[in-house]
Amino acid sequence: MSTRTSATVAEAILRHREAYLATHSVAAPACRLMAVLPLCRTSALGGHMHRCTDCGHEVPCYNSCGNRHCPNCQVLARERWLAKQEAALLDLPYFHLVFTLPAELQPILLQNKKEGYRLLFQSVAKTLLQFGKDPRNELEGQLGFTSVLHTWNQTLGAHAHLHVLIPAGALRENENQFQVIQNEKWLFPVRALSRVYRAIFLKGLLKLHKKENLEFHGRLEYLRDPKRFKQLLNPLYQKEWVVYAKRPFGGP
């Protein structure tokens, strides 16, 4: 006997869709989404039959919708992605790093997702690679890491930041060996990471503005003016940017 009491997203849509649409103005993409999600893994999308070769018992296996907003599809995609990443893990300690951006820059990235998120990835990578090769940081080699973008915080507010999973070692190409960090409690000094990352990101942002690769709409239109854009950025050179670096709680 099933003890499940909570409804799935598909069940909630089927149960309340008509009443909701009758009382709310819903954009066309949302309407299409409400139409396709209840069809996921149902006979409406077709499928195939699993048959036991011994007893002949049959179980239908219906196709998924493949929509990126579908909980069913994304759970499977997540598990496959995790399995692929786990297969590449090295047998040594790992560190979890988080690179954040000041609140003043979040609206700019919302209006410039392609250029802004690319700059975030590039700035973090350049910072880490620079620290990995710095002889003062013990490694003096080529780092390898996995980066994952988060664009919102837990309250669904705009908060673009990058999570980085990085092994505690680097490849020394000249010596053809892998150098492992002896002190497993820390990777790089966080304050130094923060300041180098800050400088690299702001330099890149100014370069994008100078090349007119950034868009500004609505309340951000005033930032088209180079002087006013620099006025926004100037205080950020003195502000401490938050960078987190610790061993993963649950392992890599």
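Residues numbered from 1 in each chain as written. Predicted model: local features only at pLDDT ≥ 70, side-chain atom pairs only at ≥ 80, totals over all residues. Heavy atoms only, no water.

Look at helix 5 (residues 113-133): 30 Å from first C-alpha to last across 21 residues, which is about the 30 Å you get at 1.5 Å a residue. Where helix 5 is concerned, the buried positions are Gly-116, Tyr-117, Leu-119, Leu-120, Ser-123, Val-124, Thr-127, Leu-128, Phe-131 and Gly-132. The inward-facing, buried residues of helix 5 contact strand 3 (94-100), helix 4 (106-111), strand 4 (146-152), strand 5 (158-167) and helix 6 (190-210). (Helix = DSSP H or I, 4+ residues; strand = E, 2+ residues; numbered from the N terminus. Expected span 1.5 Å × (residues − 1). Buried < 20%, exposed > 50% of the residue type's maximum accessible area, 1.4 Å probe, protein only. Contact = heavy atoms within 4.5 Å.)

The next subject is the state of the cysteines. Throughout the structure, instances matching the rule amount to zero disulfides. Cysteine Cys-31 shares no disulfide, and the gap to the nearest cysteine sulfur, in Cys-65, comes to 16 Å. Unpaired in terms of disulfides, Cys-65 finds its nearest cysteine sulfur in Cys-70, a separation of 3.7 Å. (Disulfide = S-S within 2.5 Å.)

It is worth spelling out the pairing of strand 3 at this point. In terms of burial, strand 3 is largely enclosed, as six of its seven residues are buried. Strand direction decides the pairing type here: strand 3 and strand 5, joined by seven bridges, are antiparallel. Note on strand 5: the bridge partner recorded for His-96 is Leu-165. Where strand 3 and strand 8 (residues 243-246) come together, four bridges link them in antiparallel fashion. Counted as the bridge partner of Phe-99 is Val-243 from strand 8. (Pairing = 2+ DSSP bridges.)

Moving on, we come to the sheet that holds strand 3. Taking strand neighbours across the sheet as the criterion, the four strands line up as 4-5-3-8 in an open arrangement whose pairing is antiparallel. The outermost strands of the open sheet, each flanked by one partner alone, are strand 4 and strand 8. Across the sheet, the mean angle from the axis of one strand to that of its neighbour is 15 degrees, orientation sign disregarded. Bridging between strand 4 and strand 5 involves six bridges; their strand directions are antiparallel. (Axes fitted to C-alpha atoms, helices over the stretch in contact; angles between N-to-C directions.)

We now examine the packing of aromatic side chains. Tallying each qualifying case throughout the model produces six aromatic pairs. The interplanar angle of 75 degrees and the centroid separation of 5.1 Å between the aromatic rings of Phe-99 and Tyr-197 together place this pair among those described as edge-to-face. Here Tyr-197 lies in helix 6 and Phe-99 lies in strand 3, a separation of 98 residues in the sequence. Taken as a pair, Phe-99 and Tyr-197 share a single burial class, namely buried. An aromatic cluster is built from Phe-99, Tyr-197, Phe-201 and Trp-241, whose rings are joined through pairwise contacts. (Phe/Tyr/Trp six-rings, centres within 6.5 Å; stacked < 30°, edge-to-face > 60°.)

Turning next to the environment of Ala-158. One can find Ala-158 in strand 5. We classify Ala-158 as partly exposed; its relative accessible area is 31%. Counting along the chain gives 122 residues from Ala-158 to Val-36, while the straight-line C-alpha distance between them is 27 Å. Look past the residues within four positions of Ala-158 in its chain and what remains in contact with it is Gln-106, Leu-110, Thr-151 and Trp-152.

On to the packing of helix 1 (residues 9-23) against helix 2 (residues 28-36). The N-to-C vectors of helix 1 and helix 2 enclose an angle of 150 degrees; their axes lie 10 Å apart at closest approach. Put simply, helix 1 runs roughly antiparallel to helix 2. Our pair here, helix 1 against helix 2, has a crossing hand that is left-handed. Along its contact with helix 1, which presents Ile-13, Arg-17 and Leu-21, the element helix 2 presents Cys-31, Met-34 and Ala-35. Looking at side-chain class alone, the contact of helix 1 with helix 2 contains five nonpolar, no polar and one charged residues. (Parallel < 35°, antiparallel > 145°, perpendicular 65-115°, else oblique. Left-handed = near helix turned anticlockwise from the far one by under 90°. Nonpolar A, V, L, I, M, F, W, Y, C, P; charged D, E, K, R; others polar.)

The next point concerns a positive patch on the surface. A contiguous patch of positive charge on the surface is contributed by Lys-126, Lys-203, Lys-207 and Lys-211. By secondary structure assignment, the location of Lys-126 is in helix 5. (Patch = residues over 30% accessible without salt bridge, like charges linked within 9 Å, V, L, I, M, F, W, Y side chains within 5 Å. Areas by Shrake-Rupley, 256 points an atom, 1.4 Å probe, with all protein chains shown as cover. Salt bridge = Lys/Arg side-chain N within 4 Å of Asp/Glu carboxyl O. Lys, Arg positive; Asp, Glu negative; His and termini not counted. Charge placed at Lys NZ, Arg CZ, Asp CG, Glu CD.)

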